[in-house]
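Residues per chain, in single letters:
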Amino acid sequence: LTLTSTLIEEMENSWGELLYQMRLRREETGLRIVEIQPGSLFARAGFTQGDLITDKALEGIREIDVNNEQLTERFLQILRHVTY
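All values derive from a computational prediction rather than experimental measurement.

Thresholds applied
Each chain carries its own residue numbering, running from 1 in the direction its sequence is written. Local features are withheld for residues below a pLDDT of 70 in this predicted model, meaning they are given only at 70 or higher, and side-chain atom pairs are given and counted only at 80 or more; totals for whole chains, interfaces and linings count all residues. For side-chain calculations, the full set of non-hydrogen atoms in the structure is used, while hydrogens and water are omitted. Accessibility here uses a 1.4 Å probe with only protein chains present; expressed as a share of the type maximum, an area under 20% marks a residue as buried, one over 50% as exposed, and anything in between as partly exposed. In this text, helices come from DSSP runs of H or I with a minimum length of four residues, and strands from runs of E with a minimum of two, each type numbered from the N-terminal end. Each C-beta atom gives one direction from the helix axis, and the arc is the one those directions make. Whether two strands pair comes down to DSSP finding at least two bridges between them. In this analysis the probe radius is 1.4 Å and the grid spacing 1 Å, with only protein atoms considered; a cavity is a set of points the probe fits into but cannot get out of, a pocket is an open set with protein on both sides within 12 Å along at least five of seven lines, and lining residues have an atom within 4 Å of a point. Grid points are joined across faces, edges and corners, and a volume is the space filled by probe spheres set on the points. Charged means Asp, Glu, Lys or Arg here, nonpolar means Ala, Val, Leu, Ile, Met, Phe, Trp, Tyr, Cys or Pro, and polar covers whatever is left, Gly included.

Draft legend 1. Spatial organisation of helix α1 (residues 5–12). Of the positions making up α1, those classed as buried are Leu7, Ile8 and Met11. Along the axis of α1, the buried positions cluster into a sector of 100 degrees, meaning they face one direction only.

Right, here's the structure in full:
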């Protein structure tokens, strides 16, 4: 997975559209991607349907920016927005 500040900004500026791009379901071990639109911002980041997003998986996100910790926190807020 690759997150960049540009991709995070695009997600943050597309709150209304994000719910249509990816849907997550909370499970005991993390968040399961139950639906993802091809070509969506999430697909561009490398996510696919069926992926399980765990805390450990988030540690492995490759972030192409100086302030990695801030990008991860911003992405977690985006994930909370699309979780049901």
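Draft legend 2. Structural context of the sheet that holds strand β2 (residues 22–27). Pairing is antiparallel in the open sheet, where three strands are placed in the order β2-β3-β4. Two strands lie at the open edges of the sheet, namely β2 and β4 (52–53), each paired on one side alone. Taken together, the two bridges between strand β3 (residues 30–36) and β4 define a ladder with antiparallel strand orientation. Its bridge partner lying in β4, Leu31 is registered against Ile53.

Draft legend 3. Expanded view of the layout of surface pockets. In this model, the largest pocket occupies a volume close to 180 Å³. Lining the largest pocket are Arg26, Gly30, Leu31, Ile53, Thr54, Asp55, Leu58, Leu76, Leu79, Arg80 and Thr83. Contributions of two or more residues to the lining of the largest pocket are made by β3, α4 (55–59) and α5 (68–81). Among the elements that make up the lining of the largest pocket, the one with the highest residue count is α5 (three residues). Of the residues assigned to the lining of the largest pocket, the class counts are five nonpolar, three polar and three charged.

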